[in-house]
Amino acid sequence: MIYRMGAALMSLVGVFVSAYLYLYQLGRIGTLACGSGGCETVQTSVWSRFMGVEVALIGLVGYALLLSVALVALRPALARERWPAALLAALASGGVLFTLYLTYLELFVIRAICRWCVGSAVIILSILILALLALRRAPEPRAG
Amino acid sequence: MAASPNGMTRFYTILGAVAVVGLGLLGYQLSKPATVSIPANVTIQPADTAGFRGYLKGSDSAAVEITEFADYQCPFCQTFATLQMPTIDERLIKTGRLRWRYRDFPLQQHPYSRVAAHSAACADEQGKFWPQHERIYEGQSEWAESRDGADIFRRYAKEVGLDLAKYDACMSSGKYAGRIQASYEEGQRAGVSSTPTLLVGGRLYQGRFDSDAITRLVDSLAPRVTSAR
């Protein structure tokens, strides 16, 4: 259960990071606490939207979904079930793939690094690792 | 394996603490007055420069066009804008002899130059570039040393009659950062290295100018130079 707890905690942190970036994109926060200036470059670039939707909003929804699944996975009735950990791992895998695409854009297209995006990348990667560990620890389904 | 009731209680306590801290930090960020910064290291997109070649003042049929590359926080630009431009405006621009094109050339050493340029660009969206431009130059001594220049530009925006909701949205978006940088790079390519620099008929004029010097320049060029567009 410790891995599922870790995944839930990291998802909650991810919710706040993406909410912070989304509020910036909405213009509710004037400047990002960044230091390098790269955050604003990334967040105001045309790549801050994916198919017309703010990337930060996609992150917010994604982390909220991961948090919900992780909390459901913590219910005592599901403690011995394998599928919640598998679902968590599948969702986190999607998140990691999306993060890889965004990191590629930062490094090779926008040529600026947003520290908050790096933070989010670490969070989603850690959720994936925790979900895989939870999956490994979950008992194998019984045959028959 | 299911966690013990104690373990779950401890987990929910930590989760709740993280939630409280996160909400507190977000609330603090939302309660702070919004400050604006405009990045310099932007990637210029084709849309940033499409159809935009500076802010124009004067007749399309004027015989001479002068492009000014200037920086809102540069003291010489301020003197030129407030002391010389009114005379140039009356004597040459309003009489149809001269068309003026203003381009941003924000120098790195001036922290508010880009925010000022962006403020004027946002005013341009509402058809009030020149009033905001003049107000920013007039108030240079007030905002150049202030803690938050953007806040003062917002006050000017209100004074010149801008719709502040639209202005705030424009400033927060930083949408003209690329255009400002494109203007800066275009100036560099033309050979601009200090401000103000005038570009007249493909030639650069650097240094301090007064309205008489500009008048003599226009007098000397008017018979020979047609539109530089």
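Below is a short write-up of the structure. Everything numeric here is computed off the predicted structure, so don't read it as measured data.

**Quick look at the pattern of salt bridges**
All names here are of chain B. On inspection of all chains with the given rule, the structure shows 16 salt bridges over all chains. Among the salt bridges present, the one from E90 reaches K94, with a minimum N-O distance of 2.9 Å. Overall, K94 belongs to the exposed group, its relative accessible area being 57%. Linking E138 and R135 is a salt bridge whose minimum nitrogen-to-oxygen distance equals 3.9 Å. Taken together, the residues span about one helical turn, with E138 and R135 both in helix α5 (residues 129–138) at a distance of three residues.

**What about empty space enclosed by the protein?**
Scanning the model with the defined rule gives three cavities of 30 Å³ or more in all. Considering only enclosed or pocket space, the second largest cavity measures out at about 50 Å³ in volume. Looking at side-chain class alone, the lining of the second largest cavity contains six nonpolar, one polar and three charged residues.

**Things to note about helix α1 (residues 5–31) of chain B**
Look at α1(B): 38 Å from first C-alpha to last across 27 residues, which is about the 39 Å you get at 1.5 Å a residue. Those residues of α1(B) not exposed but buried are G7(B), M8(B), F11(B), L15(B), G22(B), L26(B) and Q29(B). Packing partners of the buried residues in α1(B) comprise α1 (2–25) and α3 (55–73) of chain A.

**Focus: the sheet that holds strand β1 (residues 55–57) of chain B**
Residues and elements named next belong to chain B. If you trace the five strands from one edge of the open sheet to the other, you get β1-β3-β2-β4-β5, paired in mixed fashion. Because the sheet does not close on itself, it has two edges, and the strands there are β1 and β5 (203–206). Strand-to-strand, the axes of this sheet are offset by a mean angle of 25 degrees, without reference to chain direction. Taken together, the three bridges between β1 and strand β3 (residues 98–104) define a ladder with antiparallel strand orientation. Each residue of the ladder has a partner; that of Y55, found in β3, is Y102.

**With respect to the packing of aromatic side chains**
All names here are of chain A. According to the stated counting rule, one finds 19 aromatic pairs over all chains in the structure shown. Consider the rings of F50 and Y101, whose centres lie 6.0 Å apart with planes at 70 degrees: the pair is edge-to-face. Of this pair, F50 sits in strand β1 (residues 49–50) while Y101 is found in helix α4 (residues 83–110), placing the two residues 51 residues apart along the sequence. Overall, F50 belongs to the partly exposed group, its relative accessible area being 30%.

**Regarding α4(A)**
Residue and element names in this part refer to chain A. A rise of 1.5 Å per residue sets the reference length of α4, with its 28 residues, at 40 Å; its end C-alpha atoms lie 39 Å apart and thus fit the reference within 8%. Looking at α4, one finds that the buried residues are P84, A85, L88, A89, A92, V96, T99, L105, E106 and I110. R111, located one to two residues past α4, shows a positive phi value of around 55 degrees.

**Focus on a nonpolar patch on the surface**
All names here are of chain A. Residues F50, M51, Y101, Y104, L107, F108, I113, V118 and V122 make up a contiguous nonpolar surface patch of about 890 Å² in total accessible area. At the level of elements, α4 and α5 (115–137) are the ones that each hand at least two residues to the nonpolar patch. The leading source of residues in the nonpolar patch is α4, at four residues. On the secondary structure map, Y104 appears in helix α4.

**Considerations on the pairing of β5(B)**
Residue and element names in this part refer to chain B. In this structure, strand β4 (residues 197–200) lies alongside β5, joined through four bridges in antiparallel fashion. Bridging from a neighbouring strand, L198 pairs with Y205 of β5. In this structure, the hairpin formed by β4 and β5 is closed by a connection of two residues, where G201 is found at a positive phi of approximately 55 degrees.

**What about the packing of α1(A) against α1(B)?**
At a minimum axis distance of 10 Å, the contact between α1(A) and α1(B) shows a crossing angle of 10 degrees. Here α1(A) lies roughly parallel to α1(B), going by the angle between them. Between α1(A) and α1(B), the residues in contact are M5(A), A8(A), L9(A), L12(A), V13(A), F16(A), A19(A), Y20(A) and L23(A) and G7(B), M8(B), F11(B), I14(B), L15(B), V18(B), A19(B), G22(B), L23(B), L26(B), Q29(B) and L30(B), respectively. Residues that form the contact of α1(A) with α1(B) fall into these classes: 18 nonpolar, three polar and no charged.

Calculation notes
- Residues numbered from 1 in each chain as written.
- Chains lettered and ligands numbered in written order.
- Predicted model: local features only at pLDDT ≥ 70, side-chain atom pairs only at ≥ 80, totals over all residues.
- Heavy atoms only, no water.
- Salt bridge = Lys/Arg side-chain N within 4 Å of Asp/Glu carboxyl O.
- Buried < 20%, exposed > 50% of the residue type's maximum accessible area, 1.4 Å probe, protein only.
- Helix = DSSP H or I, 4+ residues; strand = E, 2+ residues; numbered from the N terminus.
- 1 Å grid on protein atoms, 1.4 Å probe; cavity = no way out; pocket = protein on both sides within 12 Å on 5 of 7 lines; lining within 4 Å.
- Points joined across faces, edges and corners; volume = space filled by probe spheres on them.
- Nonpolar A, V, L, I, M, F, W, Y, C, P; charged D, E, K, R; others polar.
- Expected span 1.5 Å × (residues − 1).
- Contact = heavy atoms within 4.5 Å.
- Pairing = 2+ DSSP bridges.
- Axes fitted to C-alpha atoms, helices over the stretch in contact; angles between N-to-C directions.
- Phe/Tyr/Trp six-rings, centres within 6.5 Å; stacked < 30°, edge-to-face > 60°.
- Patch = residues over 30% accessible without salt bridge, like charges linked within 9 Å, V, L, I, M, F, W, Y side chains within 5 Å.
- Areas by Shrake-Rupley, 256 points an atom, 1.4 Å probe, with all protein chains shown as cover.
- Parallel < 35°, antiparallel > 145°, perpendicular 65-115°, else oblique.

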